[in-house]
Amino acid sequence: MYRRRPHAELGRFYSSADLEILDDTGIKIIVSHISQLVSPWISPVFATLSKTSGNYQSLVTRASQNEGEVTEEVLNQILATVENDSKSAKEICTAYIEKLCRAGNLSDAVQLLQSLRDKNIYLRTAYNCLLVAAAERNDMVLSIQILKDLLVSSRSLSAACYINFARSFTKTNDCTQLVRFVEEVMDITFLDSIIVVNRIIFAFAESRQIEKALVIFDHIKGLKCKPDLITYNTVLDILGRVGRVNEMLQEFASMKEAGIAPDFISYNTLLNSLRKIGRLDLCSVYFQEMGESGINPDLLTYTALIESFGRSGYVEESLRLFSDMKQRQIRPSIYVYRSLINNLKKMGKVDLAMTLLEEMNSSLSDLAGPKDFKRKARW
């Protein structure tokens, strides 16, 4: 059983030149090498370590061979200790894996994590660290294996996990392994597969790998797990952001043909993208369609329309939309007021602009803020 030892006593076993971890009591535990994690505090009874093969062997072979290896005996010691659910042992083990990753010695990190995985022990932070290291090396195969392990252990992964996974693919245009992995995700995650795929698509878009995100999207259309509303909304946003408006409108039409009803996010994405290229005609069409579909416009909807019409010189329409927004009890933002005021001044309607300025200043505390513009979380 693990027993805390005074700092001075620990100093007899560990070198102060290496990794330092501060536990929850403030005692400094100094670990010079994982092979030093032995008696007096690790149980002398070691579990038998099963030999691994397949993906694990190929991963270890590709990793650096210049660093020292974690021996089978040491692995058994670590496994025996961690299996006892020692929180401190897991923290030390995680910290050492992080050190291995920083040193570029992924071989030992992979070996240790996969041995723990075989015993259904997952150190989430350590996996995340290995994903970062794999991304820095542009190691797609390693990233795929890590994400598989994480998906098997848990469906609830952070956005950072997916982003780091996507970063591993930045140096290649070959999507063969990526689409094959997406197919495997369908089997690994089963009912949650489209949720995971949506997060992967989003991660590739966030890492500026637009084409890969779209390749995944096109590929899953032919699989048993079809795109859902979140998939389409993500793709609409991707296409709109890069100015591929015609493709965005095509996918919007495809979504409806597939029987997926657009929501307010879908329409807001369209309106905001159309606003940027000055397509007021289409803004009016989709705003009307939005109302006919029974979807209530929100602050984002009105902001896009008011700014778009006002900038194009249609200030009367902007004012009408502004009045309509307030009738629906949607709080205006300072951005909406400033847009109206500036556009009114440009059109020579200075008196009306000053009236709105006074109205804005008198209601500053009640205006919508940045948080009111944020969309609901994607997951």
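Residues numbered from 1 in each chain as written. Predicted model: local features only at pLDDT ≥ 70, side-chain atom pairs only at ≥ 80, totals over all residues. Heavy atoms only, no water.

A few words now on helix α10 (residues 193-206). Helix length check: α10 (14 residues) gives 20 Å between terminal C-alpha atoms against 20 Å at 1.5 Å per residue, within 8%. Extensive coverage of α10 is indicated by the burial of twelve of its 14 residues. Along α10, the positions that sit buried rather than exposed are Ser193, Ile194, Val196, Val197, Asn198, Arg199, Ile200, Ile201, Phe202, Ala203, Phe204 and Ala205. Buried residues along α10 sit against α7 (140-153), α8 (159-167), α9 (176-189), α11 (210-220) and α12 (229-241). Two residues or fewer after α10 comes Arg208, characterised by a positive phi angle close to 65 degrees. (Helix = DSSP H or I, 4+ residues; strand = E, 2+ residues; numbered from the N terminus. Expected span 1.5 Å × (residues − 1). Buried < 20%, exposed > 50% of the residue type's maximum accessible area, 1.4 Å probe, protein only. Contact = heavy atoms within 4.5 Å.)

The subject of this paragraph is the nonpolar core. Judged by nonpolar contacts, the single largest core of 97 residues is most densely connected at Ile97, Phe165, Ile200, Phe204, Ile216, Ile220 and Tyr286. At eight residues, the largest contribution of residues to this core is made by α10. In this structure Ile220 touches Val182, Met186, Ile194, Val197, Ile201, Cys225, Lys226, Pro227 and Thr231, once residues within four positions along its chain are discounted. (Core = buried A, V, L, I, M, F, W, Y, C linked by side-chain atoms within 4.5 Å.)

Turning our eyes to something else, we now look at the confidence of the model for the chain. Interpretation of the predicted coordinates at a detailed level should be avoided for regions scoring low in pLDDT. Considering every residue of the chain, the mean pLDDT works out to 77; 73% of them sit at 70 or more. Counted against residues more than four places away or in other chains, residues 1-68, with its pLDDT under 50, gives 116 contacts. (pLDDT = per-residue confidence, 0-100.)

Another aspect to go through is the state of the cysteines. One pass over the full model with this rule turns up zero disulfides. Residue Cys129 stays outside any disulfide, its sulfur separated by 3.9 Å from that of Cys101, the closest cysteine. Using a relative accessible area of 18% as the deciding quantity, one classes Cys129 as buried. (Disulfide = S-S within 2.5 Å.)

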